[in-house]
Amino acid sequence: MKGVTLIQLSSALAFSHALMNQVVNPGDHVIDATVGNGHDTVYLAKLVGTTGHVDGFDIQPAAIAATTKALTAAGFNHQATLWQTGHEHIADKIAADEPIKCAVFNLGYLPGGDKSIITKPTTTLTAIKAIQERLVTNGLIILLVYAGHPGGAAEAKAVLDYATSLDQHQFQVLQYQFVNQVHVPPYLLAIQKR
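Small disclaimer: the values here were computed from a predicted structure and weren't measured.

A.B. asks: An account of helix α1 (residues 12-23) is needed here, citing residue identities and associated values.
C.D. replies: In a regular helix each residue adds 1.5 Å, so 12 residues correspond to 16 Å; α1 covers 17 Å between its end C-alpha atoms and thus fits that length. Elements that come into contact with the buried residues of α1 comprise α2 (39-48), β4 (100-106), β5 (135-145), β6 (171-176) and β7 (187-193).

A.B. asks: Explain the pairing of strand β1 (residues 29-32) to me, using residue names and the numbers behind them.
C.D. replies: Side-chain alternation along β1 places His-29 and Ile-31 on one buried face and Val-30 and Asp-32 on a second face that is also buried. Both β1 and strand β2 (residues 53-57) contribute to a ladder of four bridges, which runs parallel. Each bridged residue has a counterpart across the sheet, and for His-29 the counterpart in β2 is His-53. In this view, the connection linking β1 to its parallel neighbour β2 by way of α2 has right-handed handedness.

A.B. asks: Quick one: what's the story with the nonpolar core, residue by residue and with numbers?
C.D. replies: Of all hydrophobic cores here, the largest spans 28 residues; its most connected members are Ile-31, Ile-90, Phe-105, Ile-128, Ile-131 and Leu-143. For this core, the elements supplying multiple residues, two or more each, are β4, α5 (121-134), β5, α6 (152-165) and β7. Broken down by element, the residue count for this core peaks at five residues, all from α5. Beyond its immediate stretch of four places on either side in the chain, Ile-128 contacts Phe-105, Ile-141, Leu-143, Val-159, Tyr-162 and Ile-191. If you look at the next biggest cluster of nonpolar residues, it comprises 24 residues, including Val-24, Leu-44, Val-54 and Ala-190.

Conventions we followed
Residues numbered from 1 in each chain as written. Predicted model: local features only at pLDDT ≥ 70, side-chain atom pairs only at ≥ 80, totals over all residues. Heavy atoms only, no water. Helix = DSSP H or I, 4+ residues; strand = E, 2+ residues; numbered from the N terminus. Expected span 1.5 Å × (residues − 1). Contact = heavy atoms within 4.5 Å. Buried < 20%, exposed > 50% of the residue type's maximum accessible area, 1.4 Å probe, protein only. Pairing = 2+ DSSP bridges. Right-handed = clockwise from strand over helix to strand, strands pointing away. Core = buried A, V, L, I, M, F, W, Y, C linked by side-chain atoms within 4.5 Å.

As structure tokens, this is what we get:
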């Protein structure tokens, strides 16, 4: 078709970055609730610039070490604080009146790490609720939900059930996923405060 631009559908991960690009600005305060190997932490640090800040959480020393290395290599270590604790402790580390523009979760296990250490429904929901209390208008909570590992389906159900129960006058929730792929591909949930 002449004059028609074809689009390429993005993976859940690529779509999460597109959402971050739309909402995060220099000077913002953001959270990487599961730093993993540091990819999203570095991405967020780039978006908030030298006047913004990223708080990153992970219970695993290997994740904190990998993220520290990635931030240092990118020159962003001065604008990030890493907490070696579970994301359920966000309310203990981030002041109740601290405005948060965006928070990102990659649920499941640390890629390349111990697959028996996974995010859990109760701690993830505690973290989401703590962030909701600090989220600014039009701010986003982005969750990449991996359900294909042991324990993943239960967490995915708990998170989806919670997200779908949110009052539509206070939050809007988007689910983005491919429905015809083999195995259990990750999907994205985006919760935006109205």
